[in-house]
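Summary of structural features
The primary structure of each chain is shown beneath.
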Amino acid sequence: MLIHSASQLLTLAGGPQRGRSLGRLGLIPDGAVLIQGETILDAGPSEVLKQRYPHEPGLDASGKVLMPGLVDPHTHLVWAGDRAAEFELRLEGKSYLEILAAGGGILSTVRATRQAEPADLLAQTRRRAAAMFRHGTTTAEAKTGYGLDVEAELRLLDALLRLDAEGPLEIAPTFLPAHAIPPEYPGDGEGYTRLVVEAMLPALPAWWRSHAPGRPLPFVDVFCETGAFSLEQSRRILETARAAGLPLKIHADEFDNLGGASLAASLGAVSADHLVKTSPADIQALAASDTVAVALPCTPFGLAEPAYTPAQAILDAGGLLALASDLNPGTAWCESMQFVIALACRTLRLTPAQAIAAATINAAAAIRRDRAIGSIETGKQADLILLGVSDYRHLGYRFGTNLVTQVIKKGICYDVD
Ligand code: NIG
Ligand code: FE
């Protein structure tokens, strides 16, 4: 299939974009892309590709932007229920960590998720996955974290594998047993950390080999935060995971700075996420590493908090910056990376071009898939989107509506409007 005559083709070619190089779109006016099966075979000016491939069936993209599918590298996709009542409590003055300390917050979603019938849990999660896909996300990372015991956490991982197999949204799973301290360990973060380190993480590789043979191992993440896991507990969890060959992620500096971002850099984590209360020294440590800094602007927005990730300082230091939704029922129920881009332009002062690179090729790097997805280059997976606008800057400029008209996933075209 030859997709041709796009008013702007954004290739994002050339790999992840560090520091001030962020925003290289590889823009080709009147662009075209040749796809065969699941793979991109060629990309360039329409005139050239039409001559090169005169007999290919065509898809006319006139008046549209053609670009890589959006990649969402941080979601808590699988849960049951909602926390609408808690949203109201927060607006009335209760803080997120106060609600968690009183047994609500993440723990209320843990109760709902543990109790849900497996088919119902899948149906609720599938609806969100479908909404993400309609809004242009072609690959998403997705975490467990609402089970918090061996069996329930593995059940959530299994649900993610099932949804990934169903498609079309492709899922990169993350194991997050250290998301909160479960009700079975009241006030005993130490006891639960021991369970994570001595039972949950050791069970994971063998479980994975039998349930997802041949697939790369899932990420392991930890919520390093006051009221969740201390820096030392986070270190033990991540070091145990690393010794088992599992790639690492961390939730760091969302509310307090415990040193999680520097820990991530020192352990060679794939990404460090949130990074609101991150210090200049942490930013230097991240920038000197290959750990991707993932900003989640929906989270402060969802919590109505004033502080956002210091994205400009991260770019000045030469860090690798990506964007993600943090889709979850407590702080950020948002399925749209288009909205994330719009928020990032305003709250992180990114240009649309920078935000688009952070939500495609750099987001792919944040899940170690930048060799397969995140840009339009020969040999890469054919994951693309078409926007019903002729100028890419409408992404960022506009918000609250869906600009995507078609999503192409592994070479199959889905109409979404
Ligand atoms: O990334 N901070 C921890 N986890 C989520 C919130 C999860 C929840 O509140 O259910 C986050 O913001
Ligand atoms: Fe999160």
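Residues numbered from 1 in each chain as written. Chains lettered and ligands numbered in written order. Predicted model: local features only at pLDDT ≥ 70, side-chain atom pairs only at ≥ 80, totals over all residues. Heavy atoms only, no water.

What about the pairing of strand β3 (residues 39-45)?
Consecutive side chains of a regular strand alternate in pointing toward one face of the sheet and then the other. Threshold: Should DSSP find at least two bridges between two strands, the strands are regarded as paired. Helix numbering and strand numbering both begin at the N terminus, where a helix is a DSSP run of H or I of at least 4 residues and a strand a DSSP run of E of at least 2.
Here six bridges tie strand β2 (residues 27-36) to β3, and the two strands are oriented antiparallel to one another. Residue pairing in the sheet places Gly 31 in a bridge with Pro 45 of β3. Remark: two residues form the turn of the hairpin made by β2 and β3, two consecutive strands paired antiparallel; Gly 37 in that turn has positive phi of roughly 60 degrees.

Describing the site of ligand 1
For clarity, the threshold we go by: Throughout, the term near means that a residue has one or more heavy atoms lying within 4 Å of the molecule or strand in question. N or O atoms closer than or at 3.5 Å make up a polar contact, with two conditions inside protein: a donor-capable atom paired with an acceptor-capable one, and, for residues adjacent in sequence, both atoms drawn from side chains. Accessible surface is estimated by sampling points in the Shrake-Rupley manner with a 1.4 Å probe; for residues, cover comes only from the protein chains shown. Residues are sorted three ways: Asp, Glu, Lys and Arg are charged, Ala, Val, Leu, Ile, Met, Phe, Trp, Tyr, Cys and Pro are nonpolar, and all the rest, Gly among them, are polar.
In the vicinity of ligand 1 lie 17 residues, with Arg 83, Tyr 96, Tyr 146, Glu 254 and Asp 326 positioned nearest. Note that an oxygen atom of ligand 1 is positioned 2.6 Å from one of the side-chain N or O atoms of Tyr 146. Within the side chain of Glu 254, one N or O atom sits 2.7 Å away from a nitrogen atom of ligand 1. Taken by itself ligand 1 offers 330 Å² of open surface, and the protein chains cover 100% of this. Class assignment for the residues of the shell around ligand 1 results in five nonpolar, nine polar and three charged.

Topic: the domain arrangement of the chain
Rules: Annotation comment: domain bounds sourced from an automatic or database domain assignment. Here, residues are in contact when the closest pair of their heavy atoms is within 4.5 Å. The term buried area means the drop in 1.4 Å probe accessible area that two parts suffer when joined, counted for both and summed. When a carboxyl oxygen of Asp or Glu lies within 4 Å of a side-chain nitrogen of Lys or Arg, that pair is called a salt bridge.
Considered domain by domain, the chain is made up of domain 1 (2-69 + 374-415) and domain 2 (70-365). Using only C-alpha atoms to locate each centre, domain 1 and domain 2 end up separated by 29 Å. With 36 residues of domain 1 at the contact, the number on the domain 2 side is 37 residues. Between domain 1 and domain 2, a total of about 2,900 Å² is buried, with carbon and sulfur atoms accounting for 62% of that surface. Area buried by domain 1 at its contact with domain 2 is led by Arg 18, Arg 20 and Leu 22, which between them contribute 24% of it. Counting across the interface, domain 1 meets domain 2 through three salt bridges. Arg 20 serves as the salt-bridge partner of Asp 316, at 2.8 Å between the closest nitrogen and oxygen. Scanning the region where domain 1 abuts domain 2 turns up 18 residue pairs in polar contact (both at pLDDT 80 or more).

Let's talk about the environment of Met 1
Convention followed: Between buried and exposed lies partly exposed: a residue is buried under 20% and exposed over 50% of the maximum accessible area for its type, with that area taken using a 1.4 Å probe on protein chains only.
For Met 1, the position within the fold is in the segment before β1 (2-10). Of the residues examined, Met 1 reaches a relative accessible area of 25% and is grouped as partly exposed. Counting along the chain gives 411 residues from Met 1 to Ile 412, while the straight-line C-alpha distance between them is 9.9 Å.

A few points about the packing of helix α7 (residues 189-211) against helix α8 (residues 231-243)
Just so we agree on the cut-off: Each axis is a line fitted through C-alpha atoms, taken for helices only over the stretch in contact, and angles between the N-to-C directions span 0 to 180 degrees. An angle counts as roughly parallel when it lies under 35 degrees, as roughly antiparallel when it exceeds 145, as roughly perpendicular when it falls between 65 and 115, and as oblique in every other case.
Look at α7 against α8: their axes get within 10 Å of each other, and the N-to-C directions meet at 0 degrees. With respect to α8, the axis of α7 lies roughly parallel. Of the residues in α8, those in contact with Gly 189, Glu 190, Thr 193, Arg 194, Val 196, Val 197 and Leu 201 of α7 are Gln 233, Arg 236, Ile 237, Thr 240 and Ala 241. Of the residues in the contact of α7 with α8, the class split is five nonpolar, four polar and three charged.

Focus: unusual backbone geometry
Across the junction of Gly 167 and Pro 168, the peptide omega takes the value -5 degrees, indicating a cis bond. Secondary-structure assignment places Pro 168 in the loop between α6 (150-166) and β8 (170-178). At Leu 12, a residue that is not glycine, the phi angle is positive and equals roughly 55 degrees. Within the secondary structure, Leu 12 is located in the loop between β1 and β2.

Some thoughts on the sheet that holds strand β9 (residues 219-224)
Spatially, β6-β7-β8-β9-β10-β11-β12-β13 is the arrangement adopted by the eight strands of the open sheet, whose pairing is parallel. Every other strand in the sheet has two partners, leaving β6 (70-72) and β13 (321-323) as the edge strands with one partner each. Shown here is a sheet whose adjacent strand axes are inclined to one another by a mean of 25 degrees, direction ignored. By the bridge criterion, three bridges tie β6 to strand β7 (residues 137-143) in an arrangement that is parallel. Bridging from a neighbouring strand, Asp 72 pairs with Ala 140 of β7. α8 contacts β8, β9 and β10 (249-252) of the sheet and is inclined by roughly 175 degrees relative to β9. Running at roughly 85 degrees to β6, helix α13 (residues 337-347) makes contact with β6, β7 and β13 of the sheet.

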